[in-house]
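Structural overview for review
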Amino acid sequence: MGSNGTSGTGASKTSTSWAGLLEKSLRADRDDLETLRFINHGHEGYSTEDLLEGKKIEAVIQDDPDLIIFENSLINNHYQSLSLEQTKKDLESIMAKLQKELPNAKILILSPNPVANDKTENSLGLNYSDYIQASEQVINKNEWTYMNSKEGIEKKLKEKN
């Protein structure tokens, strides 16, 4: 569940998106995952607010998943100049809905992907890193499961260059 990176924006086809590559990797490693369903609830251009207002959280709930991997849409919150307060409130609302309606589901929040210049300011004078820091504050406060994939991606990119 998430925004551009989850939906596969920039990938040549769905199977080469990060969600598609994860599915392929898991299926290759485990024969018992043949019957597992992978559903991509990525929505290009969606902020956390858009996920809530567009009833996208309800669509995830309707699918009754065992595991939700949530790429938290911060890239679009930054681009759309949502306040940090709104971003934190939205993350708490999304998680409250998921936890209430899917009490047995495991939820992993992923950091958003790196961007070329994370110091570029939006109309509120905030940069991408400000959004990541704000989201990590609310994630840590609530003790949600979180993986900072952004740091791993940046490390791999540095190794390649």
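Presented here is a report on the structure given in the accompanying data block. Everything numeric here is computed off the predicted structure, so don't read it as measured data.

Scoring rules and cut-offs
Residues numbered from 1 in each chain as written. Predicted model: local features only at pLDDT ≥ 70, side-chain atom pairs only at ≥ 80, totals over all residues. Heavy atoms only, no water. Salt bridge = Lys/Arg side-chain N within 4 Å of Asp/Glu carboxyl O. Axes fitted to C-alpha atoms, helices over the stretch in contact; angles between N-to-C directions. Helix = DSSP H or I, 4+ residues; strand = E, 2+ residues; numbered from the N terminus. Parallel < 35°, antiparallel > 145°, perpendicular 65-115°, else oblique. Left-handed = near helix turned anticlockwise from the far one by under 90°. Contact = heavy atoms within 4.5 Å. Nonpolar A, V, L, I, M, F, W, Y, C, P; charged D, E, K, R; others polar. Buried < 20%, exposed > 50% of the residue type's maximum accessible area, 1.4 Å probe, protein only. Arc of directions from axis to C-beta. Core = buried A, V, L, I, M, F, W, Y, C linked by side-chain atoms within 4.5 Å. Polar contact = N/O pair within 3.5 Å; in protein donor to acceptor, adjacent residues only side chain to side chain. Pairing = 2+ DSSP bridges.

1. What to know about the pattern of salt bridges
Per the stated rule, a full pass over the model turns up four salt bridges. Among the ionic pairs, Lys-100 bridges to Glu-101, the shortest N-O distance being 4.0 Å.

2. Structural notes on the packing of helix α4 (residues 56–63) against helix α6 (residues 84–101)
The N-to-C vectors of α4 and α6 enclose an angle of 20°; their axes lie 10 Å apart at closest approach. On the basis of the axis angle, α4 is roughly parallel to α6. The crossing of α4 and α6 is right-handed. Note on element contacts: α6 touches α4 through Ile-94, Lys-97, Leu-98 and Glu-101, opposite Ile-57, Glu-58, Val-60 and Ile-61. In the contact of α4 with α6, the residues fall into five nonpolar, no polar and three charged.

3. Regarding α4
By the burial criterion, the buried members of α4 are Ile-57, Val-60 and Ile-61. For α4, the angular spread of the buried residues around the axis is 100°, confining them to a single face. Those residues of α4 hidden inside the fold are in contact with α3 (48–53), β1 (67–71) and α6. Looking one or two places after α4, you find Asp-64, whose phi comes out positive at around 50°.

4. Looking at the nonpolar core
Of all hydrophobic cores here, the largest spans 19 residues; its most connected members are Met-1, Ile-57, Ile-68, Phe-70, Ile-94 and Leu-98. Put simply, the parts of the chain that give this core at least two residues each are α3, α4, β1, α6, β2 (106–110) and α7 (128–142). If you tally residues by element for this core, the top one is α6, at four residues. Residues within four places of Ile-57 in sequence aside, it is in contact with Met-1, Leu-51, Leu-52, Ile-94, Lys-97 and Leu-98.

5. Some details on the side chain of His-41
For His-41, the location among the structural elements is in the loop between α2 (18–29) and α3. The class for His-41 is buried, based on a relative accessible area of 13%. There is a polar contact of 2.6 Å between the side chain of His-41 and the side chain of Asp-63. Non-local contacts of His-41, meaning those with residues more than four positions away in its chain, are made with Met-1, Gly-2, Ala-59, Val-60 and Asp-63.

6. Regarding the side chain of Asn-76
Structurally, Asn-76 is set in helix α5 (residues 74–79). A polar contact of 2.9 Å, which involves the side chain of Asn-76, links it to the backbone oxygen of Tyr-46.

7. A few points about the sheet that holds strand β3 (residues 146–147)
Strand order in the open sheet formed by three strands is β1-β2-β3, and the pairing between neighbours is parallel. The open sheet has two edge strands with one neighbour each: β1 and β3. With five bridges joining them, β1 and β2 adopt parallel strand pairing. Bridged to Phe-70 within β2 is Ile-109.

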